[in-house]
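Architecture at a glance
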Amino acid sequence: MHTIDLNGQWSLSPTDNKAVAPYCNYFLKNPAVPCTLPGDIHSALLEQQLIADPYWGTNELDIQWVGQHGWTLSRNFSVTDEQLASGAAVITLTMADTIITVLVNGQKAGYCDNQFRRFRFDIRPLLTVGENTITLEFASAENVAIQEAAKLAYPIPYSVYPVSAKHRNLIRKTQCHSGWDWGPCIMSFGVYEPILLQFIDEGIIESVVTDTTKLNETDWEARIHVIYNSAKEQRLASTAVLGNTEQKGFVELKVGLNKLTFTLICKDVELWWPSGEGKQALYILDLAIGGQTLSKRIGFRTIEVKKVEDADKQGKSMTFSVNGRDIFAKGANWIPLDALFSRITETRYEQLLQDCVDANMNMLRIWGGGLYEMECFYDLCDEKGLLLWHDCMFSCSMYPSNPAFLANVEAELRYQIPRLRDHASIALWCGNNEDLGAISWYEESKNNPWRYVIDYDRLNEGTVGRVIKELDPHRQWWPSSPSAGPGDYSDNWHDDNKGDMHFWSVWHEGKPFEAYYSINPRFVSEFGYQSFPSLSTVETYAPLSEHNLTSEVMEHHQKNDRGNSIIIENFSRYFRFPSNFEQMLYLSQVQQAMAMKTAIEYWRTTRPHCMGTLYWQLNDNWPVASWSSIDYTGKWKLLHHAAKQFFAPSLPIAYMKEEGKVEVFVVHDKSTPLLDAKVSVKICRFNGEKVSKKEYRMDFLPQSSTKVCTIDISKTSIDAKEMFIYFKLKTDDLYVENVILLSRPKRCRLVDPGLEMRIEKAQEGFSVTVSCKAPAFQVALDAGDVPGTFSDNLFSVRPTAQKMVIFRTREKITLENFKKKLKIFDLYGSSR
């Protein structure tokens, strides 16, 4: 098989240079600019300084014209006599975004209309020996959506955000490109994966999927199913190798699609486990049919979602079980890595996913307003043991159910499901994000619900569910998130008895953090609280003159209508008001971490009733105020440091659900017991004076939540405004601390801690030792724009126990410069 690489530099020009002249007159005198593929058109224009950086200031508003006009990409390539004579010339386009007419030597070769499909066109009849030209004509997806809307017999509503492209639900592209309540409206164009032109002499492997079956404790059967598209009737040599097992032979092929199966018995197999549960063993599958080869990695594991009815028949469990072991799912929701695809790299994927493992996570939810990710993303999740709850790409909208739209979706799934289903990390397929609930959001659907229920059913059950159950029958199909499960249409925004729940009453309804105690969920797949990024990130989009929460730029980089107001209002609910802009940024992150800690620690104590918490959201696709725990620059917000603590495998937890009563628990997620552990409960004054101390010697069962004690403040001499409780869980191999304030922070009579830092060079970067004269709370270290991560952050410090953390740098910096960058914040100092 001969292959021509069509990646690299292409020529970019507007479809109509006069139409874009009011925004950019460059093309009136210049025919084109270079554009690199894989890549996107906005990034090419930005590189040539024809548009301003959309992430700076309010520039997003000034580049909307790009997505509202057509663009053309073209390049030349040469074809030899030998190549042309060797067989069909098949061009493959994947992640082609989105409405594209493909021309070869001026003649139409094909048409793309779905970012998530794989398109293959035989262009051999259009080629000539020597130089050829390929052209990709991109229509404006926004304009096409508007045209499609005009054809509708009735409106199909969708969610709209502060800057928004119209009718994004009618086009099969990344839905958040049109703007979201955390993301910009950048209607990207481009081709984001390599473009290949292959001359097919024998045939082409269309898909390979593997079914694994456990035979006994060490041996597994692997059935490898191949779809091979043969160019002719022929007999080809074939080989399948998985681990140390090999099957060789020949396959008899007819012209067109052939279904082939290889059966291998793999012995002495090591199992694949989620992060924190064991090793992520992966075995290489090498397949060869004739001259074509393919490799992928297989993880041997069983996975199921247990939905066991309660004894009182009032609810059902929702528990992910891997290799027969129940797993408490700990993680977050994943959104696209960047709004500009040219900025997405494997290095960024690797760093962000490692950040999840480092924060004791074992699951991510691929949110339905994004995309089916690049292959390297799934490979990394397999390697790192991150389970994936995988939405299909529909979110917060009604969708069409006409035959053309459904056929387009079916083709999308018939490519994506076989492409992805062999990844050990994928735990569940979910039909959509919030589309079922969205039927009750819009006036049109509220006034005529059955019309939209029928549309929903035709798409979600009649197409998405049907195809997934056909192509991946052994993996759990989940109709929507939130949902009570297949065939159950309960209101899982408010019903916590079964299935997964989205709980947004604290953020959207303004309820206090204590409202997290009001529900007893089985699995919470969305809940969150916003914060601002750190000052070093704010400086990447806002000049000094805009460093005010009500400035134009700060409000532009807040896509939730009431976001800044909610954050500020809650300052007054829980804290003394911060003294300056940077303290506001710090306190917003403390507040966010406090909200998530309140929810997650409480829900963890209810295991096995609750068996999963995935907070909204892990990451940002541009620099913005949002629900993320890691900001756009890759810098950990304080929430991510808190997640590392509240997702710890073994943790002492204290909460005050009932006024005046502190409940103390230890949760232990590991599959082995925690023996002869010491739990210390120490009550102290804010000046550091110890009031009382109790110790408990206990054994903790595997995968357990155990109540240690109840502290009834009303029956003691404890003054909630003058004291706090410090908890410690200790064994020979474990040392974990936790702290609870007994009143809202603004009521606590904190003492100036007199914080001091000692900074020294260390092997991985720098060591920072923090000491104090009085207890300090919510202590946060900030290294500014220095790339790296603290080993611990957002901690308490006591006069009797200084705190030493390591800052692991990703770039070289001198000790002197690091000292200049480093800042320290704490709760007492935030209002001074």
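One can find the structure itself at the top, above this paragraph.
Residues numbered from 1 in each chain as written. Predicted model: local features only at pLDDT ≥ 70, side-chain atom pairs only at ≥ 80, totals over all residues. Heavy atoms only, no water.

**Things to note about the sheet that holds strand β6 (residues 88-94)**
So the rule is basically this: In short, DSSP must find at least two bridges between two strands for them to pair. Strands are runs of DSSP state E lasting at least two residues, helices are runs of H or I lasting at least four, and both sets are numbered from the N terminus onward. Here, axes are lines fitted to C-alpha atoms. For helices the fit covers the stretch in contact, and angles between N-to-C directions go from 0 to 180 degrees.
With antiparallel pairing, the four strands of this open sheet are ordered in space as β1-β13-β6-β10. Where the open sheet ends on each side, the last strands, each with one partner, are β1 (2-5) and β10 (118-122). In this sheet, neighbouring strand axes are inclined to one another by 20 degrees on average, regardless of whether the strands run parallel or antiparallel. Direction of pairing for β6 relative to strand β13 (residues 196-200): antiparallel, over a ladder of five bridges.

**Here we look at the pairing of strand β25 (residues 363-366)**
This is how the line gets drawn: The classification of residues rests on relative accessible area computed with a 1.4 Å probe and restricted to protein chains. Under 20% of the type maximum is buried, over 50% is exposed, and intermediate values are partly exposed. With its strands directed away from the observer, a crossover is right-handed exactly when the path from the first strand over the helix to the second travels clockwise.
Every second residue of β25 is oriented toward a common face, with M363 and R365 on one face and L364 and I366 on the other, all of them buried. With four bridges connecting them, strand β24 (residues 329-334) and β25 associate as parallel partners. Note on β25: the bridge partner recorded for W334 is I366. Taken together, β24, helix α7 (residues 346-358) and β25 constitute a β-α-β crossover, and its handedness is right-handed. With four bridges joining them, β25 and strand β26 (residues 387-391) adopt parallel strand pairing. Paired with M363 across the bridge in β26 is L387. Between the parallel pair β25 and β26, the chain is carried across by helix α8 (residues 375-384), and the sense of this crossover is right-handed.

**A short note on the environment of D268**
What counts here: Contacts are assigned to residue pairs that have any heavy atoms within 4.5 Å of one another.
By secondary structure assignment, the location of D268 is in the loop between β18 (256-266) and β19 (283-289). By relative accessible area, D268 is classed as exposed at 61%. Separated by 50 residues in the primary sequence, D268 and T218 have C-alpha atoms spaced 4.7 Å apart. In contact with D268, other than residues within four places in its own chain, are T218, D219 and Y283.

**Focus: helix α17 (residues 638-646)**
The α-helix winds at 3.6 residues per turn, so residues separated by three or four positions along the chain end up facing the same way. Counting buried positions over the nine residues of α17 gives seven, a clear majority of the element. Every buried residue of α17 is accounted for by L638, L639, H640, H641, A642, A643 and F646. Turning to α17, the residues buried within the fold contact α7, α16 (581-605), β31 (612-615), β32 (650-658), β41 (776-782) and β42 (788-790).

**Some points on the state of the cysteines**
Quick note on the threshold: Here, two cysteine sulfur atoms that lie within 2.5 Å of each other are counted as a disulfide.
Under the counting rule described, the total for this entry stands at zero disulfides. Here C356 stays unpaired: no disulfide links it, and the sulfur of C381, its closest cysteine neighbor, is 7.9 Å away. Owing to a relative accessible area of 0%, C356 belongs among the buried residues under this scheme. C381 sits in the buried class, given a relative accessible area of 0%.

**Notes on the packing of helix α9 (residues 403-420) against helix α12 (residues 449-471)**
Our working rule: An angle below 35 degrees is read as roughly parallel, one above 145 as roughly antiparallel, one from 65 to 115 as roughly perpendicular, and any other as oblique. Crossings are assigned a handedness: left-handed for a near helix turned anticlockwise from the far helix by less than a right angle, right-handed for a clockwise turn.
Two elements in contact, α9 and α12, have axes whose closest approach is 10 Å; the angle formed by their N-to-C orientations is 25 degrees. If you check the angle between α9 and α12, you find them roughly parallel. Here α9 and α12 pass one another in a crossing that is right-handed. Residues F405, L406, V409, E410, L413, R414, I417 and P418 of α9 form the contact with α12, whose own contacting residues are R458, L459, T463, V464, R466, V467, I468, E470 and L471.

**Things to note about the environment of L794**
Along the chain, L794 turns up in the loop between β42 and β43 (795-797). Residue class for L794 comes out buried when judged on its relative accessible area of 7%. Considering only alpha carbons, one finds L794 and D113, 681 residues apart in sequence, at a separation of 47 Å.

**A look at the packing of aromatic side chains**
Here the distance between the centres and the angle between the planes together describe a pair of aromatic rings. Under the convention used in this document: Pairing of aromatic rings covers Phe, Tyr and Trp, the last through its six-membered ring, and needs centres within 6.5 Å; plane angles under 30 degrees mean stacked, over 60 mean edge-to-face, and all others mean tilted. Lysine NZ or arginine CZ positioned within 6 Å of the ring centre and within 35 degrees of the ring normal marks a charge as sitting over the ring.
Evaluated as defined, the whole model comprises 54 aromatic pairs. Summarising the aromatic geometry, the rings of F27 and W71 are spaced 6.0 Å apart at their centres and angled 70 degrees between planes, so their arrangement reads as edge-to-face. Placement of F27 in the loop between α1 (17-20) and β3 (33-37) and of W71 in strand β5 (residues 71-79) is noted, with a sequence separation of 44 residues between them. Take F27: its relative accessible area is 3%, and that puts it in the buried class. An aromatic cluster is built from W504, W507, F513, Y529, Y574, F575 and W627, whose rings are joined through pairwise contacts. One residue, R235, lies across the ring of F250, its end atom 4.2 Å from the ring centre. Lying across the ring of Y154, R451 places its NZ or CZ 4.1 Å from the centre.

**What to know about unusual backbone geometry**
Leave glycine aside and you will find that most residues have negative phi; peptide bonds, for their part, are mostly trans. In this structure, T98 follows D97 across a cis peptide bond, with omega equal to -10 degrees. Position of T98 relative to the elements: it lies in the loop between β7 (96-97) and β8 (100-104). S481 connects to P482 through a cis peptide bond whose omega is 5 degrees. Position of P482 among the secondary structure elements: in the loop between β28 (476-478) and β29 (500-502). Located in the positive-phi region is H167, a residue other than glycine, with phi close to 60 degrees.

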